Amino acid sequence: MSSHCSPFGVERGFIMRQSVQEMIAQSKGKKNKQFVEKMIPVILFLIASVSVLTTIGIMLTLIFETITFFTRVSITDFLFGTTWLPFSNKEAQYGILPLIVGTLKVTLIAILVAVPIGISAAIYLSDYASENVRRVLKPLLEVLAGIPTIVYGFFALTFVTPLLQSAFPDIKIFNAISPGIVVGIMIIPMIASLSEDAMSSVPKSIREGALAMGSTKFEVAWKITVPAALSGIVASVVLAISRAIGETMIVSLAAGSTPKFDGDFTGSIQTMTAYIVQVSKGDAGYGTTIYYSIYAVGFTLFIFTMIMNIVANYVSKRFREEY
Amino acid sequence: MSTSHVLDQKSKTAGYEADGSLASAANSVYETKQLNLWYGANHALKNIELDIKENEVTAIIGPSGCGKSTYLKTLNRMVELVPSVKTSGQILYRGRNIFDGDYGVEELRTRVGMVFQKPNPFPKSIYDNIAYGPRIHGIKNKKILDEIVEKSLRGAAIWDEVKDRLTENAYSISGGQQQRICIARALAIEPDVILMDEPTSALDPISTLKIEELVQELKKDYSIIIVTHNMQQAARISDRTAFFLNGEVIEYDKTDTIFSNPTDKRTEDYISGRFG
């Protein structure tokens, strides 16, 4: 085709020297473009590998330093010892049970607070709230999840603890209850939001079927929606527990630093995470047993949260309701 | 369509007068008086007047969007789940206005069961599906529940197919079986009326046939109101037919009259397939 007979040339008042197809053919010839196309997946792969490699690196460090720790402390003493006294002048003792007990105390209280409130909130949002209310409330609830945990820690120490003390004078400044409650508050949005997702995905037709049987709204929510969404609800709770176990700032600030192997919730305790913070702040030099102990504790923590995540995954797959 | 067959079937049913007039010996379960319904600004039902008779199958036919499903859902007030709905007029169920302030919807829906367009069993075992209604209404005794479950499943003609798999999830069976589970679920609380909203539209022909036979069986004990877009189905199974168009009842009469000798031109056009 001659370059001067372009149909647009005359009317639009400008001259096209070539047809579009000719221009496309020319630009195709450029090597440059093909080279970039080939390189893009390579570059993206390298970038993606960084995160994978970092994870592997962290895992390896954790494992090697933990192995070093176990050359100095016997693994049975570590797993079954009931005294955690790393800073002792005479003989340091590394029995992790007191730290695990401390973590479990906080987690237990957090669950007692978060599960009923979180699931109630989810029931309200999915089965009672109007579309407008839900549109406002759900993002607000998710804002709670964005509050920095250090703020929650201050809240526990300077507000919740004094409040508890005024009601129960036996409670010490550092205790398991106050951080437990606040960790619970922190994980409410997670439970509420994930449970609400699970409950909202129960088809409307099933609820209508139940309503048409003469069920009340609450009977529908409690006997139809919750059981149908149970796998999602349980998964959300397990994930929230894993989050509570790993929570660090709140317990560092408000739970104290006294590893104790007992059932007392009112006095100072220490959790696994808070111990790691204590050592990392500089109480022990590089190469000491104490230094290596944080890796062993960190590894234990990792096992706990990993098991929780696997359980959550299993529950949400295995118990998925068919509808 | 064989009209003579339809007529044969009708002649077996008691309560009809030879001249085919609407006056019947049967009592009314529902009397609808000056019913209007709006979805927001959309006037969906206009001055509906309908008497629904006891122990009969009443079919509601009409093109899509004519208000037939809306009317059915008004009878058990399920239509109120749509937030913008407004109604005026009266629907008397056994002489009592269902819109009365002190008439609880739960009470009404306990007397008036419903079967939906798509099977919607609960994601529970077959047994728990049937036992759900009796349980929420306070029946806890295991022996009585067992009896109710068996009786309801037999009533819905599905007992033999599921009696060995009562603990299986209700979604593990076929769509046609699920729909009969939903019918059994409605039967379990021994309602007075069963509303059916195009109950066979999602089913294959054999399942459809089974449900049609079931409806014939059920009308001995229940009053049934069925919305259908399938005119042959209405002709086959119903005693009376109401033809809805644009939110109005165009014609309501005995089914044979509607299908053999309609008075309104629009009814004739619709049943002869000229529109819809």
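Small disclaimer: the values here were computed from a predicted structure and weren't measured.

A. Geometry of the overall build of chain B. Each helix and strand in chain B was counted, giving 11 helices and 10 strands. The C-alpha atoms of chain B give 19 Å as radius of gyration, which agrees with the globular expectation for 276 residues (19 Å, within 12%). When each of the 276 residues of chain B is scored for burial, the buried share is 47%. Across chain B, the fraction of contacts at a sequence separation of at least 24, relative to all contacts at a separation of at least 6, is 69%.

B. Inspection of helix H5 (residues 142-155) of chain B at higher detail. All names here are of chain B. Taking 1.5 Å of rise per residue, the 14 residues of H5 would be expected to cover 20 Å, and the 20 Å separating its terminal C-alpha atoms lies within 8% of that figure. The complete set of buried residues in H5 reads Ile-148, Val-149, Ser-152, Leu-153 and Gly-155. With its buried residues spanning 155° around the axis, H5 presents them on a single face. Of the residues in H5, the exposed ones pointing more than 90 degrees away from the buried face are Lys-143 and Glu-147. Looking at the buried side of H5, the elements it contacts are helix H4 (126-136), helix H6 (159-162) and helix H7 (175-187).

C. Summary view of the interface of chain A and chain B. Facing the 19 residues of chain A at the interface are 22 residues of chain B. At the level of secondary structure, the elements contributing two or more residues to the side of chain A that touches chain B comprise helix H9 (204-211) and helix H10 (217-228) of chain A. Element by element, the count of residues in the side of chain A that touches chain B is highest for H9(A), at 6 residues.

D. Examining the sheet that holds strand S6 (residues 112-115) of chain B more closely. Residue and element names in this part refer to chain B. Read across the open sheet, the 6 strands follow the order S6-S7-S8-S3-S9-S10; overall the sheet is mixed. Looking at which strands have only one partner, the edges of the open sheet turn out to be S6 and strand S10 (248-254). Across the sheet, the mean angle separating the axes of adjacent strands is 15° when strand polarity is ignored. Here strand S3 (residues 57-61) runs beside strand S9 (residues 240-245); their pairing, made up of 4 bridges, is parallel. Opposite Ala-59, over in S9, you have Thr-241 as the bridge partner. Here helix H2 (residues 68-75) sits on the sheet in contact with S3, S6, strand S7 (193-197), strand S8 (223-227) and S9, set at roughly 150° to S8. Helix-sheet contacts for H7 involve S6 and S7, and the interaxial angle to S6 is about 175°.

E. Structural context of the nonpolar core. All names here are of chain A. Within the largest apolar cluster, 153 residues are counted, with the highest numbers of intra-cluster contacts made by Val-182, Ile-187 and Ile-191. Among the elements that take part in this core, helix H5 (residues 97-128) stands out by supplying 15 residues, more than any other. Dropping the residues within four chain positions of it, Ile-191 is found in contact with Ala-114, Val-115, Gly-118, Ile-119, Ser-236, Val-237 and Ala-240.

F. Structural detail: the packing of H5(A) against H10(A). Residues and elements named next belong to chain A. Closest axis-to-axis distance for the H5/H10 pair is 11 Å, and the angle between their directions is 110°. Taken together, H5 and H10 sit at an angle that is classed as roughly perpendicular. Across the interface between the two elements, Ile-123, Ser-126, Asp-127 and Tyr-128 of H5 pack against Lys-217, Val-220, Ala-221, Thr-225 and Val-226 of H10.

Here is what the cut-offs are and how they apply
- Residues numbered from 1 in each chain as written.
- Chains lettered and ligands numbered in written order.
- Predicted model: local features only at pLDDT ≥ 70, side-chain atom pairs only at ≥ 80, totals over all residues.
- Helix = DSSP H or I, 4+ residues; strand = E, 2+ residues; numbered from the N terminus.
- Rg over C-alpha atoms; globule rule 2.2 N^0.38 Å.
- Buried ≥ 20, exposed ≤ 12 C-beta atoms within 10 Å, placed from the backbone.
- Contact = placed C-beta atoms within 7 Å.
- Expected span 1.5 Å × (residues − 1).
- Arc of directions from axis to C-beta.
- Pairing = 2+ DSSP bridges.
- Axes fitted to C-alpha atoms, helices over the stretch in contact; angles between N-to-C directions.
- Core = buried A, V, L, I, M, F, W, Y, C linked by C-beta atoms within 7 Å.
- Parallel < 35°, antiparallel > 145°, perpendicular 65-115°, else oblique.

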